[in-house]
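Summary of the model geometry
Read off the chains here:
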Amino acid sequence: MKLDSREMKAVITVAIIMASRLLGIFLILPVFSVYTEKYPGSDLALAGIAFGIYALVQSLLQLPFGWASDRFGRKPVLLLGIGIFTAGSVLCGMADTINELILARIVQGGGAITSVAIASLGDVTRPGVRAQSFTIVGIGVGTSFLLAIVLGPLLAARIGFSSLFYILAALGAVSILITFFFFPEIQKETPKAQEQGIMKLITDPEMRRLLVSALILALSVNLFVFIYPLTWTALGVSEAALWKVYLMALIPSVVFVYPYVRYTEIRNSLGITAKAGWALIALAFLIYPFGARAAWILYGVGMAYFAGHSIIQSLLPAFLTQRVGQEKRGATTGIYNLASFFGSSLGGMMAGFLYQLNPNLPVITGLLFVIGWGLFGLPNAPAIRRHE
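Now for a description of the structure that goes with this document.

Each value, and the rule that gives it
- Residues numbered from 1 in each chain as written.
- Predicted model: local features only at pLDDT ≥ 70, side-chain atom pairs only at ≥ 80, totals over all residues.
- Heavy atoms only, no water.
- Helix = DSSP H or I, 4+ residues; strand = E, 2+ residues; numbered from the N terminus.
- Rg over C-alpha atoms; globule rule 2.2 N^0.38 Å.
- Buried < 20%, exposed > 50% of the residue type's maximum accessible area, 1.4 Å probe, protein only.
- Contact = heavy atoms within 4.5 Å.
- Areas by Shrake-Rupley, 256 points an atom, 1.4 Å probe, with all protein chains shown as cover.
- Lys, Arg positive; Asp, Glu negative; His and termini not counted.
- Charge placed at Lys NZ, Arg CZ, Asp CG, Glu CD.
- Salt bridge = Lys/Arg side-chain N within 4 Å of Asp/Glu carboxyl O.

On to the overall build of the chain. Along the chain, the regular secondary structure elements total 15 helices and zero strands. In terms of C-alpha radius of gyration, the chain reaches 20 Å, essentially the compact-globule figure of 21 Å for 388 residues. With respect to the three principal axes, the spread of C-alpha positions in the chain is 60 × 40 × 35 Å. When the 388 residues of the chain are sorted by exposure, 58% land in the buried category. Long-range pairs, those at least 24 residues apart, make up 86% of the contacts in the chain with a sequence separation of at least 6. As presented, the chain carries roughly 15,400 Å² of accessible surface, and 69% of it is formed by carbon and sulfur atoms. Within the chain, the 17 negative side-chain charges are centred at a point lying 6 Å from the centre of the 27 positive side-chain charges.

In the structure shown here, the tally under the stated rule is three salt bridges. Note that Arg-209 is salt-bridged to Glu-206, the shortest N-O span being 2.6 Å. One end of the pair is Arg-209 and the other is Glu-206, both in helix H10 (residues 205-234) and three residues apart, which spans about a single turn. Take Arg-209: its relative accessible area is 23%, and that puts it in the partly exposed class.

Right, dumping it as structure tokens:
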């Protein structure tokens, strides 16, 4: 089953909206821990708080934003959220101390639109092509990530770290324009009489697995991207040269993940795909300590982690939106993203504190969480009727 022309146009539009906004966020990721510890009054623990507080605020607001999009429509809520994010980015650029940066990151995190975007993508695609749809969006986001990883260290070295936040604000403004003029019209579905209530829905074992998976995946990525550049700089790589590291590490994700997910969706074997993604993440954390001794191992760690993350990140929202109808999709994706951003916040804040105690502690913690995730159980792919 393939995306039809209407679906493809809608998916590409949503992908551009998400990618243009996230490009700005990604610009600061590869250098955040390196530069924020240099702010007046800062240390690695406070740098971790500045890193994670954005995700904490996002987690708290995902459900209200998702619920509001169910009630008032996806487009106006998207515009409001992106506007808040843009204003917060300007405040981040103006911050002179670590405490001011933390406060500005709180405002920046107030634009919690991820649940709305995920719900929108579920609205405009059939269940049988949804994993492909989210993978296309993932490619757009991944391309933004790759571009940002290359440009972030270079721009931070040339124009200063704080100036990156003004670029975030400009990209936020671009996202507002794209959303206003090109966001797809969403047709209301007829409510399903048998649709479960949200609280009953999230107590379902499969939904619990999805929520736990979202939390641990997000926790692991913030642990990983916080310590990964620090390990490379400890090996003697300069901040300005980190883009070369990420370029190499992300090649397998960009080249292989979409064909793999599309192939396995057609063969109705996405459950196995999820296990493969989990295994790559677990392998990355398992061999990470050896990477501190050899650059080629550290490259392999990055390739394994980012490929595994890209696979799982594409599957989870696809599985979620197949399990809930349109009338509750925004609120349910809000709960999903609450779990995800809470994991991001926890991972970011833990990373700085643990790394300050011992550089190996974030890796050990990440591995334990990933093992626990595997023992708890990965989500299964919903059954899809071939005509959907």
